[in-house]
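The residues making up each chain are set out below.
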Amino acid sequence: MIDPVVLKGFRDSLPCQEIPKKRLISKLEEIFSLYGFSPIDTPALEYTSVLLGKGGGETDKQIFHFQDNGGREVALRFDLTVPFARFVAAHAGEISRPFKRYHISKVWRGENPQKGRYREFYQCDFDIVGVDNAYSDAEILSTMAFCFDTIFQGDSSQYRFHLSHRGLFNEFLDSMGIRDRSVEILRTVDKLRKIGRDEVARLLEEETGSMDKAQGILSFIQVVDGEDYLSTIARLEGLIGHETESSRRMRDIHALLVREGIDGRFMLDSSITRGLDYYTGIVYETFLTALPSIGSVCSGGRYNNLASLYSKEDLPGVGSSIGLDRLLAAVEDLGLPILGSRGSADVLIVSQDKNASYSEDVAIADQLRRKGIRCDIYPFEAKKMKAVYDYSDRNGIPFVLIYDWKGERSLKDTRTQESVRLEASEVAGALEDRLS
């Protein structure tokens with residue numbers, strides 16, 4: 001016998017886990033379509049040279065790479081952004097400018113598994129490539145807000161989007177004369193929530209050679225209680241010494257968010273740097289108010305130079321990625337319904353007549369399915385109704401339609417235990433009323 005185990009950091013997904021995930025994906029795809037994004041797909045395996053060195057030192061350590069049967073060096077994608085940059089370069093003559101895509105699929109990272117974090121997991125990406133302006137930045141943020149408003153049923157107090165700008169941070173490092181250490185400093189600041197302020201201060205002192213400079217950086221990334229978005233920009237400009245191109249971009253983005261009426265969902269937080277090396281402009285992360293410990297559930301930013309690794313054409317891009325598995329784990333912890341998630345069917349049809357041929361079951365199921373009602377037929381003689389209710393419970397089916405040996409029909413709500421007798425002509429209407 002082979003032990004039926006899965007690898008560490010990987011997992012099977014039961015129907016009770018997969019149904020909410022598929023329902024969430026379906027709703028997200030609907031939202032992306034509302035914004036004009038088109039779906040694409042890329043291979044799970046890429047040449048190692050395509051992936052290595054694109055995200056940074058820590059990411060390179062997490063990439064699963066090996067030699068295939070043909071002796072080629074290949075790797076599993078660690079995110080959906082780097083393969084997308086390769087995709088854009090490969091299909092430059094076949095796509096529009098700008099190009100708006102979404103991609104929902106699995107990625108792989110050899111990191112330490114923990115709550116909501118696995119080595120194989122789903123990402124949900126949406127990007128705009130071919131334009132670099134405040135509107136495209138703001139449109140990604142607007143899409144994020146629409147997605148989270150939908151998931152949390154309009155309660156924007158459940159989450160907060162934290163924004164920053166890589167350029168603004170680099171302009172500050174310029175003013176301190178340490179721009180040449182920006183990559184290392186950005187990676188250290190990105191660890192702030194994981195290792196704490198004191199450890200970050202120690203590492204910054206090592207990297208800059210000065211505790212004064214380390215404290216200066218900590219002042220720049222400090223979040224001041226009660227400070228609004230525009231006041232934060234003004235404070236950061238004061239630390240730099242003047243208004244900059246990056247601060248003007250962040251003001252323009254804010255004006256668009258205000259115009260849409262969603263600015264209250266966003267805060268300027270200069271401690272957000274994102275650990276991946278390819279970001280060049282605005283960057284963002286999303287935290288859940290009641291569960292900040294789970295980390296960011298949606299993040300991204302502007303990456304203007306990534307596609308240039310594969311093409312001479314100028315292809316600036318901006319995008320965001322929702323970590324579906326982490327978000328679902330968080331929502332489960334919070335006890336929130338995922339978009340009214342339902343089970344495998346709306347109604348289970350069962351006959352108590354041991355001589356039944358299923359012909360009537362099949363006929364009523366066909367009628368209900370044509371009205372958009374999802375039906376399952378219990379495929380065994382129902383000697384004991386406990387087995388039927390166990391089946392409906394395990395599969396999350398809220399209604400059971402029972403035919404007894406007298407030919408009478410009753411519809412039972414398994415959640416309330418309410419049961420009503422119905423004529424054949426009343427079944428569809430009764431279910432439609434209750435499901436709505």
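Here, the structure is the one placed above.
In what follows, the accompanying structure is described. Please read these numbers as outputs of a predicted model, since none were measured by experiment. (Residues numbered from 1 in each chain as written. Predicted model: local features only at pLDDT ≥ 70, side-chain atom pairs only at ≥ 80, totals over all residues. Heavy atoms only, no water.)

### A short note on the overall build of the protein
Consideration 1: From N to C terminus, the protein includes 16 helices and 16 strands.
Consideration 2: If one aligns the C-alpha atoms of the protein with their principal axes, the spans along those axes are about 90 × 55 × 45 Å.
Consideration 3: Looking at the protein residue by residue over its 436 residues, the buried ones come to 51%.
Consideration 4: Nonlocal contacts in the protein, meaning residues at least 24 apart in sequence, comprise 66% of its contacts between residues at least 6 apart.
Consideration 5: Entry remark: accessible area of the protein is about 21,200 Å², with carbon and sulfur atoms responsible for 48%.
Consideration 6: Of the charged side chains in the protein, 56 are positive and 67 negative; the average position of the first set lies 3 Å away from that of the second. (Helix = DSSP H or I, 4+ residues; strand = E, 2+ residues; numbered from the N terminus. Buried < 20%, exposed > 50% of the residue type's maximum accessible area, 1.4 Å probe, protein only. Contact = heavy atoms within 4.5 Å. Areas by Shrake-Rupley, 256 points an atom, 1.4 Å probe, with all protein chains shown as cover. Lys, Arg positive; Asp, Glu negative; His and termini not counted. Charge placed at Lys NZ, Arg CZ, Asp CG, Glu CD.)

### Things to note about helix α15 (residues 385-394)
Consideration 1: Buried within α15 are the following residues: Met-385, Val-388 and Ser-392. All buried residues of α15 fall inside an arc of 55° around its axis, so they share one side. Turned more than 90 degrees from where α15 packs its buried face, Lys-386, Asp-393 and Arg-394 sit exposed.
Consideration 2: In this structure, the buried side of α15 is in contact with β12 (347-351) and β14 (399-403).
Consideration 3: Phi for Gly-396, located one or two positions after α15, is positive at around 65°. (Arc of directions from axis to C-beta.)

### Examining unusual backbone geometry
Consideration 1: Residues Arg-97 and Pro-98 are joined by a peptide bond in cis, for which omega reads -5°.
Consideration 2: If you trace the backbone, Pro-98 turns up in the loop between α4 (81-90) and β5 (99-108).
Consideration 3: With a phi angle near 50°, Gln-153 is a residue other than glycine that sits in the positive phi range.
Consideration 4: The residue Gln-153 is located in the loop between α5 (134-151) and β7 (159-165) in this model.
Consideration 5: Phi at Gln-417 is positive, roughly 70°, even though this residue is not glycine.
Consideration 6: Within the element layout of this structure, Gln-417 appears in the loop between β15 (409-413) and β16 (419-422).

### Here we look at the side chain of Asp-325
Consideration 1: Tracing the backbone shows Asp-325 in helix α13 (residues 324-334).
Consideration 2: A relative accessible area of 5% means that Asp-325 is categorised as buried.
Consideration 3: From its side chain, Asp-325 meets the backbone nitrogen of Tyr-122 in a polar contact 2.6 Å long. (Polar contact = N/O pair within 3.5 Å; in protein donor to acceptor, adjacent residues only side chain to side chain.)

### Side note on the sheet that holds β14
Consideration 1: Taken in spatial order, the five strands line up as β13-β12-β14-β15-β16 in an open sheet, and their pairing is mixed. If you trace the sheet from one side to the other, it starts and ends with β13 (375-377) and β16, each paired once. On average, each strand axis in the sheet is tilted by 25° relative to the strand beside it, whichever way the strands run.
Consideration 2: Strand direction decides the pairing type here: β14 and β15, joined by five bridges, are antiparallel. Along β15, the bridge assignment pairs Ile-402 with Ser-410. (Pairing = 2+ DSSP bridges. Axes fitted to C-alpha atoms, helices over the stretch in contact; angles between N-to-C directions.)

### Quick notes on the packing of aromatic side chains
Consideration 1: Per the counting criterion, the structure on display carries 20 aromatic pairs.
Consideration 2: Ring plane angle 50° and centroid distance 5.4 Å describe the contact between Phe-148 and Tyr-159, whose orientation is recorded as tilted. Here the residue Phe-148 occupies a position in helix α5, and Tyr-159 occupies one in strand β7, the gap between them amounting to 11 residues.
Consideration 3: Take Tyr-159: its relative accessible area is 1%, and that puts it in the buried class.
Consideration 4: Taken together, the aromatic side chains of Phe-148, Phe-152, Tyr-159, Phe-161 and Phe-266 make up a single cluster linked through ring pairs.
Consideration 5: Here Arg-11 stacks its cationic end above the ring of Tyr-118, 4.1 Å away from the centre of that ring. (Phe/Tyr/Trp six-rings, centres within 6.5 Å; stacked < 30°, edge-to-face > 60°. Lys NZ or Arg CZ within 6 Å of the ring centre and 35° of its normal.)

### Side note on the sheet that holds strand β8 (residues 266-268)
Consideration 1: Spatial ordering of the open sheet is given by β1-β5-β6-β11-β10-β9-β7-β8, a layout of eight strands whose pairing is mixed. Each of the sheet's edge strands pairs with one partner strand only, and the pair in question is β1 (38-39) and β8.
Consideration 2: Two elements, β7 and strand β9 (residues 282-288), share seven bridges in a ladder whose sense is antiparallel. Residue pairing for β9: Tyr-159 is matched across the bridge by Leu-288.
Consideration 3: Strands β7 and β8 of the sheet are contacted by helix α11 (residues 229-240), whose axis makes an angle of about 15° with β8.

### Examining the nonpolar core
Soluble globular proteins tend to bury their nonpolar side chains together.
Consideration 1: Counting residues in hydrophobic clusters, the biggest one holds 68 residues, and the most contacted among them are Phe-148 and Ile-322.
Consideration 2: A total of nine residues in this core trace back to one element, the largest contributor, which is α5.
Consideration 3: Look past the residues within four positions of Ile-322 in its chain and what remains in contact with it is Leu-28, Tyr-122, Gln-123, Cys-124, Phe-126, Cys-147, Phe-148, Val-297, Cys-298 and Leu-327.
Consideration 4: Ile-95, Phe-287, Tyr-303 and Leu-306 belong to the second largest nonpolar core, which has 24 residues in total. (Core = buried A, V, L, I, M, F, W, Y, C linked by side-chain atoms within 4.5 Å.)

### Side note on the packing of helix α6 (residues 166-176) against helix α10 (residues 211-220)
Consideration 1: One can describe the packing of α6 onto α10 by two numbers: an axis separation of 11 Å at closest approach and a directional angle of 150°. Judged on the interaxial angle alone, α10 and α6 are roughly antiparallel. Considering the relative orientation of α6 and α10, their crossing is right-handed. For the pair formed by α6 and α10, the contact residues are Leu-168, Phe-169, Phe-172, Leu-173 and Met-176 on the first element and Lys-213, Gly-216, Ile-217 and Phe-220 on the second.
Consideration 2: When the residues that make up the contact of α6 with α10 are grouped by side-chain class, the tally is seven nonpolar, one polar and one charged. (Parallel < 35°, antiparallel > 145°, perpendicular 65-115°, else oblique. Left-handed = near helix turned anticlockwise from the far one by under 90°. Nonpolar A, V, L, I, M, F, W, Y, C, P; charged D, E, K, R; others polar.)

### Re the pairing of β15
Consideration 1: When you tally the buried positions in β15, you get five out of five residues, the bulk of the element.
Consideration 2: Taking every second residue as pointing to the same face, both faces of β15 are buried, with Arg-409, Leu-411 and Asp-413 on one and Ser-410 and Lys-412 on the other.
Consideration 3: Bridge analysis of β15 against β16 gives four bridges, and the strand direction is antiparallel. Within β16, the position partnered with Arg-409 by the bridge is Leu-422.
Consideration 4: Count of turn residues in the β15/β16 antiparallel hairpin: five residues, of which Gln-417 carries a positive phi of about 70°.

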